[in-house]
Structure formats: structure tokens, C-alpha cells
Amino acid sequence: VDVVGSWLDNFRSDMLEVSKARALSNTGFIKDMDKQASKSLVVKERLDSWQELLQQKSINLAQAAKEWSERHVDGATHLTFRGFLGLSVINPVADAYELLVRLRHLVARARVMREASNGVRPSDLAPHPLLVGPANSAWCLHLLRKMGVTAIVNCTEEIVEPSEKALQGIAWHRL
């Protein structure tokens, strides 16, 4: 994510030097560069040089991803970035941005999955309306909501209080 993000940050900074771009979203900025390139030879040449540079960078990154995959994926399907990296790229600047967006989404999903996998179901102390669990149970808010929990009593110093948005109505207390 950082590598592809740095490519696009450098692209944007460089193109701002030769264009009359407005402060737009990345998608708008890329579209604006295409429009300006049709009207200005300087912008067109600079954009073309970025297209070539990002094409080469995407080929190198695709090769590195393939080599990593071959070393780390035993007989399983290798990673594929067809359409985003390598020779299959049509518009290297736009495809790099699209790859960055998708990588950010994948990283966000991986974080959610990591947090969900850390969950430990608290023990039910029925008939009393009380659940007791280890510290990492307090962070499994989706599971606690599903179990009908309305309040968490945190007896640790390490667990940081989640935001109101994350709690979504579950009360949080620290002893």
C-alpha cells in the first residue's frame, strides 16, 4: 500500500508543477490530467512520462509479487494482479490508483478479520445475567452484541476504551 501510495503522491506533486489542476479527489485529478494533456503539450509529455514510469514500476512490482508468492504459497494458487500490475495494465496511472484503493480495502478487511479471530467467547454464568471472559473478549464487540451484552466492566489497565461509535450503545466501565 505504501509503495503504490508513494507513486501516486509523487505523480500528483509532479503534475501540479506543470498543470492548472484543482484540488480534487484522486479520481478527479487523474481525469483532469487527461483533459489538460489534450490541451497542453507540456502536460501531455509529463503525463506520458509518468505513464511509462508507472508501467515499468508495475512490471517490477508484479514480478516481485510473483516471486514472493512462489516462495510463500506451497502449490496453491499464486497471487494475481492482472489488470493492475505488469503488462496487462492499460492506463498505468489510473490502474495504480485503482490498485491502491483495492489494497486499502483488503488491508481494512484483514484488520477486521484479525480482530474477529482474536475473539474468545465469554463464559455464561447462568442463571445470573453475567458473562465473564478474558481481556480480549472485551474487544469482540460484534460477538458481545450478538450475545445481548449491554455493558462491559473492564478490570484491566491494558484495554483501551473503544470509541462511542465502536461501542454502539454498549456501556463501558472500568474498575
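The sections below set out a description of the structure shown in this document. Model, not experiment: these values are computed from the prediction.

### What about the overall build of the protein chain?
Looking only at helices and strands, one finds 6 helices and 4 strands in the protein chain. The linear arrangement of helices and strands in the protein chain, starting from the amino end, is α-α-α-α-β-β-α-β-α-β. Its C-alpha atoms give the protein chain a radius of gyration of 24 Å, clearly above 16 Å, the size a compact globule of 175 residues would have. Projected onto its principal axes, the C-alpha positions of the protein chain cover 75 × 45 × 25 Å.

### Quick word on the packing of aromatic side chains
Applying the stated rule across the entire model yields 2 aromatic pairs. Aromatic pair Phe 11 and Phe 29: ring centres 5.9 Å apart, planes at 85°, arrangement edge-to-face. In this pair, Phe 11 is assigned in helix α1 (residues 2–18) and Phe 29 in helix α2 (residues 26–39), connecting sequence segments 18 residues apart. Plain terms: the ring middles of Phe 11 and Trp 50 are 5.7 Å apart, the flat faces sit at 80° to each other, and that makes the pair edge-to-face. Of the two residues, Phe 11 is situated in helix α1 and Trp 50 in helix α3 (residues 41–72); the sequence distance between them amounts to 39 residues. Neither residue differs from the other here; Phe 11 and Trp 50 are each classed as buried. Put simply, the rings of Phe 11, Phe 29 and Trp 50 touch in pairs and so form one group of aromatic residues. Seen from the ring of Phe 29, Arg 12 lies directly overhead, with NZ or CZ sitting 4.4 Å from the centre.

### Focus on the state of the cysteines
Scanning all chains against the criterion turns up 0 disulfides. Cys 140 carries a free sulfur, and the closest cysteine sulfur to it, the one in Cys 155, is 17 Å from it. Judged by relative accessible area, which is 1%, Cys 140 ranks as buried.

Thresholds applied
- Residues numbered from 1 in each chain as written.
- Predicted model: local features only at pLDDT ≥ 70, side-chain atom pairs only at ≥ 80, totals over all residues.
- Heavy atoms only, no water.
- Helix = DSSP H or I, 4+ residues; strand = E, 2+ residues; numbered from the N terminus.
- Rg over C-alpha atoms; globule rule 2.2 N^0.38 Å.
- Phe/Tyr/Trp six-rings, centres within 6.5 Å; stacked < 30°, edge-to-face > 60°.
- Buried < 20%, exposed > 50% of the residue type's maximum accessible area, 1.4 Å probe, protein only.
- Lys NZ or Arg CZ within 6 Å of the ring centre and 35° of its normal.
- Disulfide = S-S within 2.5 Å.

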